[in-house]
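Spelled out from the first residue to the last, the chains are:
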Amino acid sequence: MQQNTMIQNTNIRTGPAYLAAILAVFMIIFSSCDRTRNDKGYEYFPDMAHSWPYDTYSENPVYEDGKTAQPVPEGTVPRDEIPYQYPGSFEGRELAAKELKNPFEPTAKLIKRGKEQYDIFCVNCHGPEGKGNGNLHTSGLYIIKPKSLVNDKMKNEVTDGEIFHVITRGWGVMGAHGAQIDPDDRWAIVNYIREELQANSDNQ
Ligand code: HEC
């Protein structure tokens, strides 16, 4: 009995019906391939996969100017961004000097961050000690001597807000760095200048 069933099983596995079934499966698999890749095939249940809105740069019959991308309304600011309100002028610097307050305590972490940012954005001109002797100047490539950040004026008259303002808007021949350095990092640089460079300087 047992032997019989085994023989029957083997017969099914090699029988013509079985082979035909395998062939059919392969035919289905190969015939479902789209060789040109232009046909997205049959979609089962597309639900809301295809949206109806106009693409950003497509024509649009609803708006008068026929464009989908409408200009941003005046006064719009990106989310989470507080616009910097002091202009890059003498008056702007004066106002920032009076009104802008340093919001950070000079923690060791902040000063470390300030040094990192100073070493990226300022050291080439203002130098490792802040005396205006950075290698761009000493090598002769940048002919205008950058100002010292550690002299008496910088220590006693120039406020934190003023340094922040100069970084943000630039000053005279120095370019603005507001686009490159985050506000928090600008304050970190201010704190680094105060707590490290100025604290360890001989006022030159
Ligand atoms: C490409 C060179 C260069 C870089 C980079 C640069 N500065 Fe300056 N900076 C100058 C020069 C030159 C002046 C003097 C500008 C003038 O008086 O016209 C100056 C002026 C200043 C002043 C005003 C000093 C004063 O006596 O009024 C401050 C503050 C200052 N820089 C800070 C920074 C800080 C902080 C950084 C880095 C974020 C930085 N600078 C990056 C060249 C540079």
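What you see is a predicted model; the values in this text were computed from it and never measured.

Criteria and thresholds
- Residues numbered from 1 in each chain as written.
- Predicted model: local features only at pLDDT ≥ 70, side-chain atom pairs only at ≥ 80, totals over all residues.
- Core = buried A, V, L, I, M, F, W, Y, C linked by C-beta atoms within 7 Å.
- Buried ≥ 20, exposed ≤ 12 C-beta atoms within 10 Å, placed from the backbone.
- Helix = DSSP H or I, 4+ residues; strand = E, 2+ residues; numbered from the N terminus.
- Contact = placed C-beta atoms within 7 Å.
- Near = placed C-beta within 6 Å.
- Nonpolar A, V, L, I, M, F, W, Y, C, P; charged D, E, K, R; others polar.
- Axes fitted to C-alpha atoms, helices over the stretch in contact; angles between N-to-C directions.
- Parallel < 35°, antiparallel > 145°, perpendicular 65-115°, else oblique.
- Left-handed = near helix turned anticlockwise from the far one by under 90°.
- Expected span 1.5 Å × (residues − 1).

Q: Tell me about the nonpolar core, and please be specific about residues and values.
A: Ile163, Phe164, Ile189, Val190, Tyr192 and Ile193 are the most contacted members of the largest nonpolar core, which totals 20 residues. Breaking this core down by element, the ones donating at least two residues are helix H4 (108–121), helix H8 (160–169) and helix H9 (183–198). With 7 residues, H9 is the single largest residue contributor to this core. Here Phe164 is in contact with Ala96, Leu100, Arg186, Trp187 and Val190, once residues within four sequence places are set aside.

Q: Before we move on, can you summarise the site of the ligand with the specific residues and values?
A: Surrounding the ligand, one finds 19 residues, the nearest of these being Cys122, Cys125, Pro146, Gly172 and Met174. Sorting the residues of the shell around the ligand by element identifies helix H5 (123–126) and H8 as the ones contributing at least two each. Residues belonging to the shell around the ligand are distributed by class as follows: 14 nonpolar, 4 polar and 1 charged.

Q: Kindly report on the packing of helix H3 (residues 90–99) against H8, identifying the contributing residues and their values.
A: Between H3 and H8, whose axes approach to 7 Å, the crossing angle comes to 140°. Between H3 and H8, the interaxial angle falls into the category oblique. When the axes of H3 and H8 are compared, the crossing they make is right-handed. Judged by residue contacts, Gly92, Arg93, Ala96, Ala97 and Glu99 of H3 engage Gly161, Glu162, Phe164, His165, Val166 and Arg169 from H8. Residue composition of the contact of H3 with H8, by class: 4 nonpolar, 3 polar and 4 charged.

Q: Can you lay out unusual backbone geometry for me, pointing to particular residues and giving the numbers?
A: Although it is not a glycine, Phe45 adopts a positive phi angle of roughly 60°. Position of Phe45 among the secondary structure elements: in the loop between helix H2 (16–31) and H3. On the basis of neighbour count, Phe45 is assigned to the exposed category, with 5 C-beta atoms found within 10 Å. The backbone of Asp80 shows a phi angle near 70°, a positive value even though the residue is not glycine. Inspection of the secondary structure assignment puts Asp80 in the loop between H2 and H3. Judged by C-beta crowding, with 5 C-beta atoms within 10 Å, Asp80 ranks as exposed.

Q: Explain H4 to me, using residue names and the numbers behind them.
A: The end-to-end C-alpha distance of H4, which contains 14 residues, comes to 20 Å, matching closely the 20 Å that a straight helix rising 1.5 Å per residue would cover. Within H4, burial applies to Leu110, Ile111, Gly114, Lys115, Gln117 and Tyr118. Looking at the buried side of H4, the elements it contacts are H5 and H9.

Q: Now, about H9: what can you tell me, with residues and values included?
A: Compared with an ideal rise of 1.5 Å per residue, which puts 16 residues at 22 Å, H9 spans 21 Å between its outermost C-alpha atoms and is within 8% of the ideal. For H9, the complete set of buried residues consists of Asp185, Arg186, Trp187, Ala188, Ile189, Val190, Asn191, Tyr192, Ile193, Arg194 and Leu197. Buried positions along H9 lie against H4 and H8.

Q: Lay out the environment of Leu95 in plain terms, naming residues and giving numbers.
A: Along the chain, the position of Leu95 falls in helix H3. Classification of Leu95 as partly exposed rests on a count of 17 C-beta atoms within 10 Å. Between the alpha carbons of Leu95 and Gly161 there is a distance of 9.1 Å; along the sequence they are 66 residues apart.

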